[in-house]
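Notes for the structure review
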Amino acid sequence: MNTDSSEFHLGVVGQLDQLIASLPPGEMLRRELLDLRMEVAEQEEMIIEARQAIEKMDQIIKKLSSPANRIGTFLSAANLETAQIVVAGSDYFCNCDPRVEMRSLRRGTRVLVNEAYVIVGDLGYDRTGPVTKVSELLGPDRLRVGTEHGVQSLVLHRSDALMDAKLKAGDEVRVDSNFKVAVEVLAQPHSDEYFLDSVPELPWEKVGGQQEALHAIRDAIELPLLRPDLFRRFDHQTPKGFLLHGPPGCGKTLIGKATAYNLTHQLQKQTGQEMREYFMHIKGPEILNMWVGESERMVREIFSTAREKRKEGYLPFLFIDEAESILGTRRATRHSSILSTLVPMFCTEMDGIESLNQVVIILASNRADLIDPAVLRPGRIDRKIKVNRPNREGAREIFRIYLTPNLPYDPALVREKGTAAEAADALVEKMIDLSFSHRPENRFLSITLRSGKREILYRSDLISGAIISSIVERAKGLAIKRAIAGNEDEGISESDLRLSFEAEYSENDIFPPTDITEDWLQLIDYDSENVVKISPIRAGTEKRMVSHVI
Ligand code: ADP
């Protein structure tokens, strides 16, 4: 329009210019024509400005009165021009404006659609929207979500952005506003990071006084793991793990880790392939104290993490501590409603594991009698292995594990014995005598039985690997303090160990601080039915002073 009017403008003004030029100078008409030309030019200018203003107004009115574009979710392209989208919950097969590159649209991105439901713009992925939990993976491109707490269950597509994402049941995903596509995985504390525990170098020799238990473990799982071919040939059922039971501090966790360390090493040696353990340390009560519904999610997630890690080449170990708290019979706990779902769920998950070549499950408990028999059925965890308190010989082995010849010992003792190794041996023997003698100071518990009989338990009846390692650690602490005070040459002495021994029995938090019989019953191997009362035999002031010093 602009050009037209300027042509017109040029036309009239130009014609006038030609006319004026053709008139001889001094002609009267020439003067009038010049005035006219100026007037025409001015008016033309005004007309152009007015037209431009009208045009602008037109545009504004059009913008204000045109309907808003809808926003939909792109699902897939049927061909180069047609796409499947969903807008406000309804599906459409629609055309695409040629100015929008259909190939660049991704499943799950938002698209602008006009009144005719033609895609006219690409808005990319939404950054907000509802969040839900994955309950099942359906093939490579679909997910089932939201079955917990009665929320309707839905099947969603994975967005293009999530096609390669490692998802598993329990993950939280953000969903597009049309509830068709999962578009983002939200970070949350996954069981893998949450429960992963490190396994130090732990050859079997670092577990003292547990020959029988170690023998049983090696029998139960080493062979099936290292010779699965034989077990298949004889159609012999392999266990999926084992239950370690026994009093606290006697090495159940240590044995669990040693199993992980040694089996992985043996497998690595046998196959020549790089193999690492993946040790998940699960504390039963932690799972139990989760929000309603979360315990179940965690159990599912733990198993799915373990399977995932197996695929990644790790050998996963599920070590479930205080297993009776989540896998106990109903009468075992107050949380019977949670347990009624956890036990069957755990059994189903376990049945889904083919053998311990996939995942090794280790349960640990002080109260194996409370574990639901369904968990301990053949084909599940059918090996029960007792981890006993160390006897005299066992305690000697454990002291030797911690009092190694490379440590600095009391120089007088080393001189007397000849070498550090012999000094260490002498200290071990002293400690064994100290721990196992039935001297009055070692009396620890008085037990009144239903029959009226009274029995005395000595410190050695409650000794454990944890106590021994702790005694040695305390003694090292005393020697270090002396070294800091300037006596650099002094090493661990008999007196350090004696003081530590006393302190340990009065302070170790394995021992209940109260006189409540129930609490003490957990630590001893007596049938609760037969025991009327357990009273700790408190030492006099001498003991308290010693513990204060340390
Ligand atoms: P539990 O799981 O039976 O309660 P732990 O395995 O946690 O006992 O033992 C705690 C610590 O005590 C271990 O980390 C280890 O240092 C020491 N310990 C326990 N038993 C033994 C053992 N048999 N041999 C060597 N150390 C032991």
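Right above here is the structure, for reference.
The following refers to the structure shown. (Residues numbered from 1 in each chain as written. Predicted model: local features only at pLDDT ≥ 70, side-chain atom pairs only at ≥ 80, totals over all residues. Heavy atoms only, no water.)

Brief notes about helix α4 (residues 211-226)
As a reminder, the rule being used: The quantity called bend is, for any residue, the angle between two axes fitted respectively to the seven residues ending at it and the seven beginning at it. The helix and strand labels rest on DSSP assignments: H or I over at least four residues marks a helix, E over at least two residues marks a strand, and numbering proceeds from the N terminus. The cut-offs for exposure are 20% and 50% of the maximum accessible area for each residue type, with area from a 1.4 Å probe on protein chains only; residues under the lower value are buried, those over the upper are exposed, and the others partly exposed. The contact definition used throughout considers only heavy atoms, calling two residues in contact when any of these lie within 4.5 Å.
Largest kink in α4: about 30°, centred on R218. Those residues of α4 lying buried are A213, L214, I217, A220, I221, E222, P224, L225 and L226. Those residues of α4 that are buried are in contact with α5 (228-233), β12 (241-245), α6 (252-271), β14 (314-321), β15 (360-365) and β16 (384-386).

Comments concerning the sheet that holds strand β11 (residues 196-197)
The condition that has to hold: Strands pair, by our definition, only if DSSP identifies at least two bridges between them. For helices, the axis comes from a line fit to the C-alpha atoms of the stretch in contact; other axes are also lines fit to C-alpha atoms, and the angle between any two N-to-C directions lies between 0 and 180 degrees.
As summarised here, the arrangement of the 6 strands in space is β11-β13-β14-β15-β12-β16, forming an open sheet in which the pairing is mixed. In this open sheet, the two edge strands, each paired with only one partner strand, are β11 and β16. For β14 and β15, the ladder comprises 4 bridges, and the chain directions are parallel. By the bridge assignment, I320 is partnered in β15 with L363. Packed on one face of the sheet, α6 meets β11, β12, β13 (276-283), β14 and β15 and runs near 170° to β14. The strands touched by helix α8 (residues 294-311) are β13, β14 and β15; relative to β14, the strand with the most contacts, the crossing angle is about 155°.

Here we look at the pattern of salt bridges
Condition: Note on definitions: salt bridges are taken to be side-chain nitrogens of Lys or Arg within 4 Å of carboxyl oxygens of Asp or Glu.
All told, the structure shown has 34 salt bridges when counted by the stated rule. The salt bridge partner of E494 is R498, with a shortest N-O separation of 3.1 Å. Here the residue E494 and the residue R498 both occupy positions in helix α15 (residues 494-507), the gap between them amounting to 4 residues, near one helical turn. Judged by its relative accessible area of 27%, E494 falls in the partly exposed class. Put simply, K166, K309 and E312 are held in one network by salt bridges that share partners.

A word on the side chain of S446
Structurally, S446 is set in strand β17 (residues 443-449). The exposure class of S446 is buried, given its relative accessible area of 6%. Non-local contacts of S446, meaning those with residues more than four positions away in its chain, are made with R454, E455, I456, K533, I534, S535 and I537.

Here's the deal with the site of the ligand
The line we're drawing: By convention in these notes, a residue is near a molecule or strand provided one of its non-hydrogen atoms lies within 4 Å of it. Here a polar contact means two N or O atoms within 3.5 Å. Within protein one must be a hydrogen donor candidate and the other an acceptor candidate, and residues neighboring in sequence count only if both atoms are side-chain atoms. The Shrake-Rupley method, run with a 1.4 Å probe, gives the accessible areas here. Residue values count only the displayed protein chains as cover. Residues are grouped as follows: nonpolar covers Ala, Val, Leu, Ile, Met, Phe, Trp, Tyr, Cys and Pro; charged covers Asp, Glu, Lys and Arg; every other residue, Gly included, is treated as polar.
Around the ligand lies a shell of 17 residues, among which G249, K252, T253, L254 and Y402 are the nearest. Within the side chain of Y402, one N or O atom sits 2.6 Å away from a nitrogen atom of the ligand. Across the complex, the protein chains shield 80% of the 560 Å² of accessible surface that the ligand would expose by itself. Those elements giving two or more residues to the shell around the ligand turn out to be α6, α11 (392-402) and α14 (465-484). Per-class residue counts for the shell around the ligand are 8 nonpolar, 7 polar and 2 charged.

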